[in-house]
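Fold and geometry: a report
One letter stands for each residue in the lines below.
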Amino acid sequence: RRDLSAGFRAERVSLDVEDFTRPAAGLLTAAGVFPLTAVDVIGGEFDYDAIVGNLGFVYKLSPATSIYGGFSQGLSLPDVGAYTRRAIASAGETSVSFASIRPEAQIVDTWELGMRYNAQRVSIDSSVYLSTSDEGVVFDSATNEITQQKERVRGAEYSLDNAMREDWSVEALLANVEGRQDSDGDGEIDSWLPNNRIPTPFTATLYTDRSLDSGLTLSGELVFSAKRSHPDLPHLEDMFTVNLGGSYPVGPGVVSFGVSNLFDRQQENSTASSVRVNPLTGDAVRGADEGRRVALGYSVSF
């Protein structure tokens with residue numbers, strides 16, 4: 001059996017920016033703190049239009065096994081507040097027009113190919129993908145600016161769901177992603193995407209849940225995020241977390257409980273540490289991961 005789907009859609013994003021004043025601030029640079037005077041940002045109404053499409057297929061090799069793939073496009077805008085809050089006027093000017101600093105709408109082309117297996121107790125899904133854009137968005141925390149350039153992101157995802165019994169299941173998830181960009185605008189992909197776009201290139205999750213005859217439900221989760229280390233980028237550390245949870249019916253409701261970071265592991269949070277770079281040192285502004293947290297709750301549905 002073969003299934004084929006295709007479509008086009010016209011998208012329009014309307015953006016209305018009111019005039020406002022960006023207050024005086026200080027910009028941390030390699031030379032120290034650079035004072036920024038207040039700037040009047042002149043807004044306006046802006047429209048972004050695009051026609052995007054998609055094409056997909058599914059081919060059944062057997063009742064349980066299928067190959068699937070396709071091509072899809074998406075239209076998006078960067079976080080408007082991220083750069084308007086940091087607007088900087090030209091030398092000698094006290095105002096800046098949003099029209100002069102607004103980014104282009106980003107169109108992302110994604111190709112995907114995968115295989116899926118579904119049996120009575122076992123489900124396996126694996127896929128690889130490639131995403132490209134000529135208007136990739138990167139926020140540079142050292143200059144407080146958003147830049148857009150050609151980029152390429154490739155990845156793979158694998159999942160295994162095994163129902164050991166009717167009351168016990170185990171699931172494993174693996175994901176790999178990495179990306180590069182054109183850093184100098186010459187049309188050639190020549191450098192790694194910054195950490196604030198890809199804080200970890202590999203994640204693995206092992207999850208299990210068990211339901212007992214008494215009504216008690218227990219779950220456990222192991223989560224691993226691999227380090228990211230490339231030349232000219234701050235090194236980000238591995239993360240490993242164990243989480244437990246469960247629930248039990250009491251009266252008309254359910255008691256839920258959970259423990260995150262069970263072993264109170266002291267580690268760096270790679271996502272938090274990927275956001276900003278200290279221009280004085282070139283290193284990441286590092287954030288610690290949350291320690292052990294215990295939660296207890298009671299809920300009633302009616």
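Coordinates for the structure precede this section.
Residues numbered from 1 in each chain as written. Predicted model: local features only at pLDDT ≥ 70, side-chain atom pairs only at ≥ 80, totals over all residues. Heavy atoms only, no water.

Even without being glycine, D232 reaches a positive phi, approximately 70 degrees. Relative to the elements of secondary structure, D232 occurs in the loop between β15 (217–225) and β16 (239–250). What makes D232 exposed here is its relative accessible area of 81%. (Helix = DSSP H or I, 4+ residues; strand = E, 2+ residues; numbered from the N terminus. Buried < 20%, exposed > 50% of the residue type's maximum accessible area, 1.4 Å probe, protein only.)

In terms of nonpolar packing, the biggest core is built from 10 residues, these being L15, V17, F46, Y48, A50, V52, L75, V80, F98 and A105. When residues of this core are traced back to their parent elements, those giving at least two are β1 (2–17) and β6 (44–60). Of the residues forming this core, the biggest block, four residues, is contributed by β6. Ignoring anything within four residues of it in the chain, the contact list for A105 reads Y48, L75, S76, L77 and E135. In terms of nonpolar packing, the next biggest core, distinct from the first, is built from five residues, V39, A87, A89 and V96 among them. (Core = buried A, V, L, I, M, F, W, Y, C linked by side-chain atoms within 4.5 Å. Contact = heavy atoms within 4.5 Å.)

What follows is about the side chain of Q106. Looking at the element boundaries, Q106 is found in strand β9 (residues 106–118). At 3.4 Å, the side chain of Q106 and the side chain of S133 are in polar contact. For Q106, the residues in contact, after removing those within four places along its chain, are G74, L75, S76, S133, E135, G136, V137 and E151. (Polar contact = N/O pair within 3.5 Å; in protein donor to acceptor, adjacent residues only side chain to side chain.)

Attention now moves to the pattern of salt bridges. Tallied over the full model, the rule gives 12 salt bridges. Put simply, D125 and R116 hold a salt bridge, and the shortest N to O gap is 3.4 Å. Overall, the relative accessible area of 22% leaves D125 in the partly exposed class. Since its relative accessible area comes to 29%, R116 is described here as partly exposed. Residues E268 and R286 are paired through a salt bridge, measuring 2.8 Å at the closest nitrogen-oxygen approach. (Salt bridge = Lys/Arg side-chain N within 4 Å of Asp/Glu carboxyl O.)

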